[in-house]
Amino acid sequence: MYSKEEIRKEIIEAVNKVKETNPMAGSITNTVTINFVANAQLAVGGSAAMVYLPDEGEFLANAGGATYINVGTLMPIYEETLPRTAKALHDAGKPWVLDPVAIGIGELRTKLLSQFKEYKPSVIRGNASEVIALAGLWELDGGSDSSNVRGVDSTDTVTAARNAAIALAKYTGGAVAVSGKTDLITDGETVVYSKGGSHFMERVTGCGCSLGGVAAVYLTASSPFIAALTASNVYNLAGARAESKVNASGSFYVQFIDELYLATAEDIADNPMDIEKA
Amino acid sequence: MYSKEEIRKEIIEAVNKVKETNPMAGSITNTVTINFVANAQLAVGGSAAMVYLPDEGEFLANAGGATYINVGTLMPIYEETLPRTAKALHDAGKPWVLDPVAIGIGELRTKLLSQFKEYKPSVIRGNASEVIALAGLWELDGGSDSSNVRGVDSTDTVTAARNAAIALAKYTGGAVAVSGKTDLITDGETVVYSKGGSHFMERVTGCGCSLGGVAAVYLTASSPFIAALTASNVYNLAGARAESKVNASGSFYVQFIDELYLATAEDIADNPMDIEKA
Amino acid sequence: MYSKEEIRKEIIEAVNKVKETNPMAGSITNTVTINFVANAQLAVGGSAAMVYLPDEGEFLANAGGATYINVGTLMPIYEETLPRTAKALHDAGKPWVLDPVAIGIGELRTKLLSQFKEYKPSVIRGNASEVIALAGLWELDGGSDSSNVRGVDSTDTVTAARNAAIALAKYTGGAVAVSGKTDLITDGETVVYSKGGSHFMERVTGCGCSLGGVAAVYLTASSPFIAALTASNVYNLAGARAESKVNASGSFYVQFIDELYLATAEDIADNPMDIEKA
């Protein structure tokens, strides 16, 4: 189990390494928030590239330091693109982030998310309902069916997803980040609750998706657990700081990107966290 | 015919119900303004979800309180997705908003818009040229061919579309909102002119599309006529307020979303309107 | 070779003509930055319309004053849409801008960019690595393979692409704009270095893509060389002005659009430039 001091040290290293090396993290992600994902990745110091076609997904998988796959707005070609990209990542030993958005809607989504079990995403990021449903789909502890997923929204609490998150992390050997009022991040052994954020984050589309994209950027420079935690911390920090400066959701988005850009490694490492054994 | 006091009361009820219940309105919409649509829906208190695939469209049709269909950037799969989604909405008696963007461009667009006649959208939202062209395509009074549609822009005035709007509303049994310098909203019996807005709304892409998405949110909580009018009113209010605070189009967008977020039910109900018999 | 005074005069004419006539420039472009492209086009006074389907591309090619084609996030249908649109532009003698984003990634991208040679884009806009790679693909002087393209980023300097840019411009009879710290614009005879911009332009996705879209707007009102130069100048001007007013990338984007909107013809014509013989 990680100590607070180890976590703090590794977060600082990850953030600074990203700022120094401008690592590329490719994405296959939904069209609703694709611009937010790219701008958030750029704001923290990474580089972004998005594609839809199978051979381009494989190319990015091998060219990038890590990859972000979000199943938000599936297109027909994804039936081929996503498994091939996930396989390329797995075969090359490259880390990747899975965002199982809206799990339970549609046949293709279920099929793809089932296939991903084999390719073991390094980080799984979702809201509580999505994490519980993915554990259910993969027949792991803490899972359930997807009946509590309402479109892209969660109807479960983060703590309700604790067992599912731990089971998923143990299965993949990576980490899981459950987004909510307080975020839960675990590698199956340590559980961290990252605090902060803002009520405005539910009023701006894509705070969850772009957190996944930012986790992929940090995944080029750290372990899955530290990447997931660093992304959650910078989101909670930026959210809280932005909220204190604005009074509505349009300004919040702009200020939020600014705070992502301005946050230092120490700021991010010092974001309030509670740590416990899984 | 509605009285001003009835309209005022129903707008207040619709706005407050949305703020209290956070209703989900799914969309199939173009990639240019999809993010604006989602953020506008969230700003007024709704929840958003976007999809492209046929069975996902059917799922959202049944899961959401209302649905928004915008034919802006058609993809090949839409040939299947849009009729199946519209049919699912019609069969389930669920309300939906149609935005016939750029009617007249391309074979698939014409085919889809022709098919929609059967599924009677609860609200039709377009600029004057689009509304006239849709009435023409559906062989209703006031219609004409689409020769005055220039890409996504209108070359007709709102009053020129009055007869077409009334004919469309009478045919569907729903409402029509014609966007322009002053907006015209009708249910075929009452005609309301909603005033305000801003010249900047022509300099920011998606003010029309996102108005349609917001109308879908209000459609979960009111009649088609009140939903279309509430959406038009909040857009005119937010546009006028935002214009008074900025001097260019980038800031206008941000301030506009802020004003959507901040507008109260009473503000929206009290936006300047003229009411007449159809 | 152009004199500075001729350039200045033609830029002023192009900018004012666009502001007066609100010309439409259609686009087929990537989903990451499609909203930025449209809003930038609108900010400078143009009108935007985006499509994906083959017959819609042909329609826009003929309906618009110029067209922007960006191969960023290819979809399968583009195999048909892009050659048909480029052919329609070529056959109608309509000007168009090509943005060979991420040249070298994937089979379809290479195939499409090879096909475009025949249809001679009026303006080619890319970073240094993309311009060098396109000259290489078309077997022109100064070209090389695409090994220095890293996703959407350049690893070459603008001056390294000077010969490739000149060769491409001579081949097409149009102009080439190479984006970088200083931009290089050439028609094969005159070479202009346009200065200014901001380090934030690398931290906001789509500054390159939207420059291409803005070049298409100016292409409706001027020669390829003046269109490419006017777009580069307004971007450098707006970037420098925006940077002086903000401290982070979220605010930069908003301020940048504002500065595009506010820049006068004289401001744009007077942006610092160095001119030399090719």
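None of these values were measured; they are calculated from a predicted model. (Residues numbered from 1 in each chain as written. Chains lettered and ligands numbered in written order. Predicted model: local features only at pLDDT ≥ 70, side-chain atom pairs only at ≥ 80, totals over all residues. Heavy atoms only, no water.)

### Some points on the overall build of chain A
Okay, so step 1: Scanning chain A from terminus to terminus reveals eleven helices and eleven strands.
Okay, so step 2: For 278 residues, the compact-globule estimate of 2.2 N^0.38 gives 19 Å, and chain A sits close to it at 17 Å.
Okay, so step 3: Overall, the C-alpha framework of chain A stretches about 40 × 35 × 35 Å when taken along its three principal axes.
Okay, so step 4: Expressed as a percentage of its 278 residues, the buried residues of chain A come to 65%.
Okay, so step 5: Within chain A, contacts between residues at least 6 apart in sequence are counted, and of these 73% link residues at least 24 apart.
Okay, so step 6: With 22 positive and 32 negative side-chain charges, chain A shows a separation of 2 Å between the mean positions of the two kinds. (Helix = DSSP H or I, 4+ residues; strand = E, 2+ residues; numbered from the N terminus. Rg over C-alpha atoms; globule rule 2.2 N^0.38 Å. Buried < 20%, exposed > 50% of the residue type's maximum accessible area, 1.4 Å probe, protein only. Contact = heavy atoms within 4.5 Å. Lys, Arg positive; Asp, Glu negative; His and termini not counted. Charge placed at Lys NZ, Arg CZ, Asp CG, Glu CD.)

### Focus on the relation of the copies chain B and chain C
Okay, so step 1: Aligned on chain C, chain B shows an RMSD of 0.0 Å; the corresponding rotation is 120 degrees and the shift along the axis is 0.0 Å. Interpreted geometrically, this transformation is the action of a three-fold axis. For chain B, the residue whose C-alpha comes nearest the rotation axis is Thr31 of chain B, separated from it by 3.7 Å.
Okay, so step 2: Of the residues that chain B buries at the interface, just 10% are likewise interface residues in chain C, meaning the two copies contact each other through different surfaces. (Least-squares fit on C-alpha atoms with pLDDT ≥ 70 in both.)

### Topic: the relation of the copies chain A and chain C
Okay, so step 1: Mapping chain A onto chain C calls for a screw motion: a turn of 120 degrees about the axis and a shift of 0.0 Å along it, with 0.0 Å RMSD after fitting.
Okay, so step 2: Both copies present different contact surfaces, since only 11% of the interface residues of chain A are interface residues in chain C too.

### Overview of the state of the cysteines
Okay, so step 1: For the coordinates displayed, the defined rule picks out zero disulfides over all chains.
Okay, so step 2: Left without a disulfide partner, Cys209 of chain B is nearest to the cysteine sulfur of Cys207 of chain B, which lies 9.1 Å away. (Disulfide = S-S within 2.5 Å.)

### Digging into the interface of chain A and chain C
Okay, so step 1: Contacts between the two partners involve 28 residues from chain A and, on the opposite side, 30 residues from chain C.
Okay, so step 2: Together chain A and chain C conceal approximately 2,300 Å² of surface at their shared face, both sides included; 60% is due to carbon and sulfur atoms.
Okay, so step 3: Counting the contacts that link chain A with chain C gives one salt bridge.
Okay, so step 4: Every element with two or more residues in the side of chain A that touches chain C is listed here: helix 2 (34-43), strand 2 (47-50), helix 3 (54-63) and helix 10 (249-262) of chain A.
Okay, so step 5: The biggest single contributor to the side of chain A that touches chain C is helix 2 of chain A, with six residues.
Okay, so step 6: Grouping the constituent residues of the side of chain A that touches chain C by class yields 18 nonpolar, seven polar and three charged. (Buried area = accessible area lost by both parts, 1.4 Å probe. Salt bridge = Lys/Arg side-chain N within 4 Å of Asp/Glu carboxyl O. Nonpolar A, V, L, I, M, F, W, Y, C, P; charged D, E, K, R; others polar.)

### A closer look at unusual backbone geometry
Most peptide bonds are trans, and most residues other than glycine sit at a negative phi.
Okay, so step 1: Although it is not a glycine, Ala102 of chain A sits at a positive phi angle of roughly 60 degrees.
Okay, so step 2: A relative accessible area of 5% means that Ala102 of chain A is categorised as buried.
Okay, so step 3: Here Lys120 of chain C, not a glycine, exhibits a phi torsion of approximately 40 degrees, which is positive.
Okay, so step 4: Position of Lys120 of chain C among the secondary structure elements: in the loop between helix 5 (107-119) and strand 5 (123-127).
Okay, so step 5: Overall, Lys120 of chain C belongs to the partly exposed group, its relative accessible area being 35%.

### Things to note about the interface of chain B and chain C
Okay, so step 1: Each partner contributes residues to the interface: chain B has 30 residues there, and chain C has 28 residues.
Okay, so step 2: Between chain B and chain C, roughly 2,300 Å² of surface is buried when both sides are summed, and carbon and sulfur atoms account for 60% of that area.
Okay, so step 3: In this structure, the salt-bridge partner of Arg109 of chain B is Glu56 of chain C, at a minimum N-O distance of 3.0 Å.
Okay, so step 4: Here chain B is connected to chain C by nine residue pairs in polar contact (both at pLDDT 80 or more).
Okay, so step 5: Counting only elements with at least two residues in the side of chain B that touches chain C, the list comes to helix 5 (107-119) and helix 10 (249-262) of chain B.
Okay, so step 6: Take the side of chain B that touches chain C: its biggest share by element is four residues, from helix 10 of chain B.
Okay, so step 7: Its residues assigned to classes, the side of chain B that touches chain C comprises eleven nonpolar, 13 polar and six charged. (Polar contact = N/O pair within 3.5 Å; in protein donor to acceptor, adjacent residues only side chain to side chain.)

### Quick notes on the sheet that holds strand 8 (residues 175-179) of chain B
Residue and element names in this part refer to chain B.
Okay, so step 1: With mixed pairing, nine strands are arranged side by side in an open sheet as 2-1-3-4-5-8-9-10-11. Across the chains shown, the open sheet's two edge strands, defined by having one partner strand only, are strand 2 (47-50) and strand 11 (273-277). Put simply, the sheet's adjacent strands are angled 20 degrees from each other on average, direction ignored.
Okay, so step 2: Judged from the five bridges that link them, strand 10 (residues 190-194) and strand 11 form a sheet pairing that is antiparallel. Bridge pairing links Val192 to Ile275 in strand 11.
Okay, so step 3: Together, strand 1 (24-28), strand 2 and strand 3 (66-70) form the strand contacts of helix 2 (residues 34-43), whose direction differs from that of strand 2 by roughly 155 degrees.
Okay, so step 4: Most of the contacts of helix 8 (residues 207-219) go to strand 3, to which it runs at about 160 degrees, and overall it touches strand 1, strand 3, strand 4 (96-99), strand 5 (123-127) and strand 8. (Pairing = 2+ DSSP bridges. Axes fitted to C-alpha atoms, helices over the stretch in contact; angles between N-to-C directions.)

### Details of helix 1 (residues 4-21) of chain C
Residue and element names in this part refer to chain C.
Okay, so step 1: Relative to the 26 Å expected for 18 residues at 1.5 Å per residue, helix 1 spans 26 Å between its end C-alpha atoms, a close match to the ideal helical length.
Okay, so step 2: Within helix 1, burial applies to Ile7, Ile11, Ile12, Ala14, Val15 and Val18. Projected onto a plane normal to the axis of helix 1, the buried residues spread over an arc of 165 degrees and lie on a single side. Residues Glu5, Lys9 and Glu20 are exposed on helix 1 and point more than 90 degrees away from its buried face.
Okay, so step 3: The inward-facing, buried residues of helix 1 contact strand 10 (190-194), helix 8 (207-219), helix 9 (224-243), helix 11 (265-269) and strand 11 (273-277).
Okay, so step 4: With its phi angle positive at about 50 degrees, Asn22 sits one or two positions after the end of helix 1. (Expected span 1.5 Å × (residues − 1). Arc of directions from axis to C-beta.)

### A short note on empty space enclosed by the protein
Okay, so step 1: Evaluated as defined, the whole model comprises one cavity of 30 Å³ or more.
Okay, so step 2: Here the largest cavity defines a volume of roughly 630 Å³.
Okay, so step 3: As for the largest cavity, its lining consists of 43 residues, and the residues nearest its centre are Tyr253 of chain A, Asn35 and Tyr253 of chain B together with Asn35 and Tyr253 of chain C.
Okay, so step 4: Where the lining of the largest cavity is concerned, the elements lending two or more residues are helix 2 and helix 10 of chain A, helix 2 and helix 10 of chain B together with helix 2 (34-43) and helix 10 (249-262) of chain C.
Okay, so step 5: When the residues that make up the lining of the largest cavity are grouped by side-chain class, the tally is 21 nonpolar, 19 polar and three charged. (1 Å grid on protein atoms, 1.4 Å probe; cavity = no way out; pocket = protein on both sides within 12 Å on 5 of 7 lines; lining within 4 Å. Points joined across faces, edges and corners; volume = space filled by probe spheres on them.)

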